[in-house]
Structures are given as structure tokens and as C-alpha cells.
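Observations on the model geometry
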Amino acid sequence: MYNSLVISHLCALLSLVVSMILAILVIPKILVIAIKHSLYDEQNDRKTHTGAVPRIGGVSFIPCILFAMMFSFGVFYRLIDGFEYDGFYPNHSEFSLFLCGLLLIYLGGVKDDLIGLRYRHKFTIQIISSVLVVISGFHINNFYGFLGIHEITPWIGMPLTVFIMVFIINAINLIDGIDGLASSISIFALCIYGTLFLLHGIWYYAALAFGTIGVLVPFFYYNVFGNVKKGRKLFMGDSGSLTLGFILGFLAIRYTCYKPDFIMSIGNALVVAVSPLLIPMLDVIRVVLIRIKKRKHLFMADRRHIHHKLQDMGMRKSSALILILSMSSVLCIMNIILMRYINCTYIFLTNILLWVFVNKYFSHIVEKRKRLKHNVNYAEIARSKEKNEI
């Protein structure tokens, strides 16, 4: 008799290892192609990188992830032939339509990286991909007490699922502003989701989570530690960030879906699922509200995101990365502890208040730094005038 828990862990581990090995082999080849065809990220006022950096690192994500997943599935289906265990047989409609949506959004991201794509077309692809998931019968159906709401009718849950999927996709896309930020936040969230699905015996989504981690680890090395002059540095581009956002959105919402046979053993499912992604989600909400207040175009790129603010405070990109990741970790741990004692509505309200306070503090430092710089410049101009008069 096979031990289902051991097999689940081995399958997820195999997916992680295979995906990592493939990424290590594929990413250098992508670098060569990008350099040969000059597929570099354009520099502008918002971007802080110097030199020509390839922007198509995310092209490696889906091939590596899908190969690793299917390879591990094939190996273990073969090894456990005749093994009777429900957890090893996924909902084929849900899983198949998820893969269709994943491939669609990946191809849209690839096109954007290669020749560009209008934001309207991006949103259309994101909505269609999310709808594919919803029509498989998977949607948000319970708020677990948030705002006093528990069970949700499909007429509300289905469009809400599409909206939140698109929201998370764009949150990950927009947080991808400094080296290693989107990939490190994604790795953190995927570790949590992968572990949760393993604990609940849903091994195929655990394999998806750990397979995605496998491709992100080598990418993180090239993205953060790669040498631009030697042609060893690259960005994930939209093909990577949109793909990550879709996977994370799917896993987060899938975990919140209430099913009678899906017994929650780790507190409030909504709090657990949302907490790893709170920083990018709250940051997008803050930026959108500022743009609305200032009557700016909602999809016009600017330097209002949290990583830009930290850089304006004088922090290095590496320090900003560590601080944001630390904030995300602390917030997640705090929520998991608090959910045992207070209602999830008060937990999220606390998160929002903390986020507002922290951003106000950061803005104060930025303004103080600007005033100091202005005073220094004014003093230099005054000294220069005095010198010329003499």
C-alpha cells in the first residue's frame, strides 16, 4: 500500500527539481537569442537600470513549468498504477481550462514582449483567460465572514472571480519594477500555496506551485546577480509577470473555494490565501486611487509604486527588495496569528490602516529629502552668484 502523503511530496519535489534544471539549461539560450535579435528593455524616466537588458526571460516560464508538471504526473501515474486515491485524480475540466487560460495569457505576454500589445488587448486576453477558469465550475463561493458575508451566489461569485483574477494579474505585473521583486514575492506566495495544497492532498496544484518556484529560482539569479556587461542579466517581461499573476490568482482563489469535502484545517481560508499577495494588491489600489484623485489616466505608467517611493527615499534596489519582502512576510505571519482571535474583516481593516500609515511615513521622508535637496541646490546657486559678483 502506497503512502499518499509521501507520494504527494515526492511529486511536488520532482516538479520543482525538473523545472529548475530546465530553467538552468534554457535561460542562457534565451539570453543568446535576445542579444542576437536586440530584444532589450527600453529605458525611460521610470526605469533605473543601465545598459541593454533583455526583456524576454519570462518566455522560459511556461515550457519549463508544464514540462516539469507533466513529467512528474506521468512518472507517478506510472509508478502508482492501480493506486486508489481521490487526491491523485484532478478535476479534469477545471485543470484543462486553467491550462487553456494559462497558455492564452502567456502567448499574449510573449507578443507584448516581442512587438508590443495595447493595454485594451491585454485586458481582453486577461478577461478571456479568467472566464475560461470560471466556466469550468470554479469560482469564489464563500467570504468566510468577511463583511459579515459567508455563502455567495454564483451570479456574484463568477464575475467577482474574473475581476479578482484580472486584479491579481495586474498587481504582479505592476510590482515588477526592480530586480527580483516580482519573482521573490511570487516565490514566497507559491511556497505558501504549494504547502497548503500538499497539506490538503491536492497534489497537482502543489506540483504547479513548486514547478513555478523551480523556474523562478534560476531566473532570480540572472535577474538580480546577472552582469549586464557580460550579457548575463535579463528581465521577465510581460510574458513572465502576466503568467505569474495568472498562476498566483488561480491558486489563491482556488484555495478560498469552499467545498464540503475540502476541510479547512488552517483557519480562515480567505485570510490565508490573500495574505501572501497583500503588498502588491494594496499597492495597486493606492496607485489607482491617487491617479483618480489627480485625474490621471489609470493605465498611464508612473513612479508612484512602493518600490519607486523607497528608491526616492534613497534606498538601493537591493535594500528596497529586502524591505518589501520583509513587509510582506510580517504582514502574512501577523494575519495568520490574528485570524485565530479576531474576525477577518478587522484583520483586513488593520492591514489597510498599517499600509496607509507606512506609506504616509515613506512619503514624509521623500518630501523631507526633496526639501533638503532643494535647499542644498539653492545654497549652491547663491554661492555661485556671490563668487561671480566678486
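Remember, predicted model here, so these are calculated numbers, not experimental data.

1. What to know about the nonpolar core
- One finds Phe98, Tyr193, Tyr205, Leu251 and Leu277 to be the most contacted residues of the largest nonpolar core, which totals 106 residues.
- Per element, the largest residue contribution to this core is 14 residues, and it comes from helix α7 (residues 203-225).
- Excluding residues within four positions of it along the chain, leucine 251 makes contact with Leu190, Tyr193, Phe197, Tyr205, Leu208 and Ala209.

2. Description of the side chain of serine 241
- Counting through the fold element by element, serine 241 comes out in helix α8 (residues 237-256).
- Serine 241 sits in the buried class, given a relative accessible area of 1%.
- Setting aside residues up to four positions removed in sequence, serine 241 forms contacts with Ile169, Ile172, Asn173, Asp176 and Met236.

3. What about unusual backbone geometry?
- Despite not being glycine, tyrosine 144 shows a phi value in the positive range, around 55°.
- You can see tyrosine 144 is positioned in the loop between α4 (119-134) and α5 (154-175).
- Looking at tyrosine 144, the relative accessible area reads 15%, which means it is buried.
- In this structure, leucine 147 is a non-glycine residue whose phi angle is positive, near 60°.
- Inspection of the secondary structure assignment puts leucine 147 in the loop between α4 and α5.

4. Side note on the side chain of asparagine 170
- Position of asparagine 170 relative to the elements: it lies in helix α5.
- Separated by 2.7 Å, the side chain of asparagine 170 and the backbone oxygen of valine 166 make a polar contact.
- Those residues within four positions of asparagine 170 in sequence are excluded, and the remaining contacts are Phe123, Gln126 and Val284.

What counts, and where the lines are drawn
Residues numbered from 1 in each chain as written. Predicted model: local features only at pLDDT ≥ 70, side-chain atom pairs only at ≥ 80, totals over all residues. Heavy atoms only, no water. Core = buried A, V, L, I, M, F, W, Y, C linked by side-chain atoms within 4.5 Å. Buried < 20%, exposed > 50% of the residue type's maximum accessible area, 1.4 Å probe, protein only. Helix = DSSP H or I, 4+ residues; strand = E, 2+ residues; numbered from the N terminus. Contact = heavy atoms within 4.5 Å. Polar contact = N/O pair within 3.5 Å; in protein donor to acceptor, adjacent residues only side chain to side chain.

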